[in-house]
Amino acid sequence: MPHSVTLLVYDLSQGMARMISRQLTGRQIDGIWHTSVVIHGQEWYFGQGVFSTTPGVHHYGAPVQRVPMGETEISRELFREFIDEIRPRFTAVHYHLLNHNCNTFSNEVCQFLVGRSIPSYITNLPGDFLETPFGQALRPVIDSFFSSPHAQPVRAPPATTTAPAPARVAVPAAGPPGHPHVALSLPELRAIFDQPHWHSASSPKMWEKLESVLDHTLTNVDPTEESAAAVAARLRKTCAGANAEADPRTLRLLCSLLREVDKDDERWVIVDVARLFAQAESYASGLKEAVFAVIRRELAGASPAKPVHLALLRAASNLLGHTKVVRWSLGSAAAGDRRTLLTSLLVSGLLHEPAVADASIIRAAAVLAFHVARWRFQLARTTPAADWTTVWSSDGADEEWTVEIVGAIAHVLGTQVRGNEEEASAMGTQLYASLCGLLFTAPPAILDLLEALECTPESFAKLGRVVEESVALFAPVD
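As a starting point, this report considers the structure included with it. Note that the structure is predicted; figures quoted are calculated from it, not measured.

1. Points about the overall build of the protein
Now for step 1: Tallying secondary structure elements over the protein gives 21 helices and 5 strands in all.
Now for step 2: The buried share among the 478 residues of the protein stands at 56%.
Now for step 3: Pairs at least 24 residues apart make up 74% of the contacts formed inside the protein by residues separated by at least 6 positions.
Now for step 4: Summed over its atoms, the accessible surface of the protein is roughly 19,900 Å², and 53% of this surface lies on carbon and sulfur atoms.

Below is the structure:
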């Protein structure tokens, strides 16, 4: 059966390029184009790696154009193999604003699926820009930023911002001792980030489902265990408590269940039980690799079923409530794959299109975003100047990753929180604090993105004192 292929075109400048490009460059440029490809019911794009999401809920806003590219007989399985094959060439390390960007990815995908290139006005945009005097002046800056991972070049805004203004080009990378954020006290934000937010609730339905799953899996997983009812009762009794010491037998059982249970209508309950145990650091340290293996499997296929997606967001959030685990997940040189997986899980959750009166996935993603921002904020406040590349890497990877998450948070704030009194006190405050935590000591490009998305303190005054305190974080950094 043929599958339709559609190119979605976004204007990252939100209309600004059309208005100011002639004055800035001497040439009319109608948009700063970002593209993605919709195939098999998923929207695929290149950002901090290759990602997929629900079509039309991208954090760049609504697409300005939907271009039918044709139909393909290529199956979902064959397309996934193609994505896995090209994925190593489309990572943050390989990104280049002019030569290897989101449109490069979309063009290659469309050529594979339908044998057609995307419209030339999109692929020709970098060349058109470089022909202008302003583009020629910026070319050395852009090349040095994207081609020298060990240098510390002048940071020009990346592709996810509006057209760069000349006054911003000479701004150095963020970091002490000169960054003005370092001198801010920010008591409200520090208080908000003082403690993690645990997903600790359970339900009788979950425990009943667990017993049902154990009833036909326990023999294969661990034949030495007791009856399904006895094991479920033992897990229910021992899962509570952030200070619990991990029982090796229980830990082995949970890891085995996470590996072996592969049906969507059963996997969610295993992940959910692991989430409860992950409130204790001793269990979180032992469960982290098994939970990430489930995330990897789920994201490699079609979009996770809602119960699994929700359970994974909650489990990942509880894992990241622990300093050692969040450092393992996001902070070490070996965390690249894990950080990509978490980013994909988080962004797809924030951009989830909720049914009426059901925003549970977005709320769970908001807590995960809180823990990511909490760690970044505390890291930036405590890292000595000599080690600052552990906060904002010199190759720009941390900046690109942060842009991805900040854009998704801004999308939720604009669509779910702004003007919504019901969300203002809970999820709104949490997401706004997360935005501020990621903005703390950030390079100017991230502030430029928020300005382009009209995500500013003035829009969220009802969220209270944290908004008043955050005004200094949104001030231009020169």
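Don't stop here, the text continues.
2. Concerning the pattern of salt bridges
Now for step 1: Following the criterion strictly, the structure yields 6 salt bridges and no others.
Now for step 2: The salt bridge involving Glu108 is made with Arg89; its shortest N-O contact spans 2.4 Å. Placement of the pair is Glu108 in helix 3 (residues 102–114) and Arg89 in the loop between helix 2 (76–86) and helix 3, with a sequence separation of 19 residues.
Now for step 3: When its relative accessible area of 22% is taken as the criterion, Glu108 is described as partly exposed.
Now for step 4: Its relative accessible area of 38% is what places Arg89 among the partly exposed residues.

3. Details of the packing of helix 10 (residues 248–260) against helix 12 (residues 281–300)
Now for step 1: Interaxial distance between helix 10 and helix 12 falls to 9 Å at its minimum, and their mutual angle equals 5°. By the angle between their directions, the pair helix 10 and helix 12 is classed as roughly parallel. Contact residues: Thr250, Leu251, Leu254, Cys255, Leu258 and Arg259 in helix 10; Tyr283, Gly286, Leu287, Ala290, Val291, Val294 and Arg297 in helix 12.
Now for step 2: Of the residues contributing to the contact of helix 10 with helix 12, the split by class is 9 nonpolar, 2 polar and 2 charged.

4. Side note on the sheet that holds strand 5 (residues 65–72)
Whenever strands of a sheet pair, they do so through backbone hydrogen bonds, lying parallel or antiparallel.
Now for step 1: Strand order in the open sheet formed by 5 strands is 4-3-2-1-5, with antiparallel pairing between adjacent strands. Among the strands making up the open sheet, the edge pair consists of strand 4 (49–53) and strand 5. On average, each strand axis in the sheet is tilted by 25° relative to the strand beside it, whichever way the strands run.
Now for step 2: Pairing between strand 1 (residues 3–11) and strand 5: 7 bridges, direction antiparallel. Counterpart to Leu8 in the pairing with strand 5 is Arg66.
Now for step 3: Relative to the sheet, helix 3 contacts strand 1, strand 2 (33–39), strand 3 (42–47), strand 4 and strand 5, its axis offset from that of strand 2 by approximately 30°.

What counts as what
- Residues numbered from 1 in each chain as written.
- Predicted model: local features only at pLDDT ≥ 70, side-chain atom pairs only at ≥ 80, totals over all residues.
- Heavy atoms only, no water.
- Helix = DSSP H or I, 4+ residues; strand = E, 2+ residues; numbered from the N terminus.
- Buried < 20%, exposed > 50% of the residue type's maximum accessible area, 1.4 Å probe, protein only.
- Contact = heavy atoms within 4.5 Å.
- Areas by Shrake-Rupley, 256 points an atom, 1.4 Å probe, with all protein chains shown as cover.
- Salt bridge = Lys/Arg side-chain N within 4 Å of Asp/Glu carboxyl O.
- Axes fitted to C-alpha atoms, helices over the stretch in contact; angles between N-to-C directions.
- Parallel < 35°, antiparallel > 145°, perpendicular 65-115°, else oblique.
- Nonpolar A, V, L, I, M, F, W, Y, C, P; charged D, E, K, R; others polar.
- Pairing = 2+ DSSP bridges.

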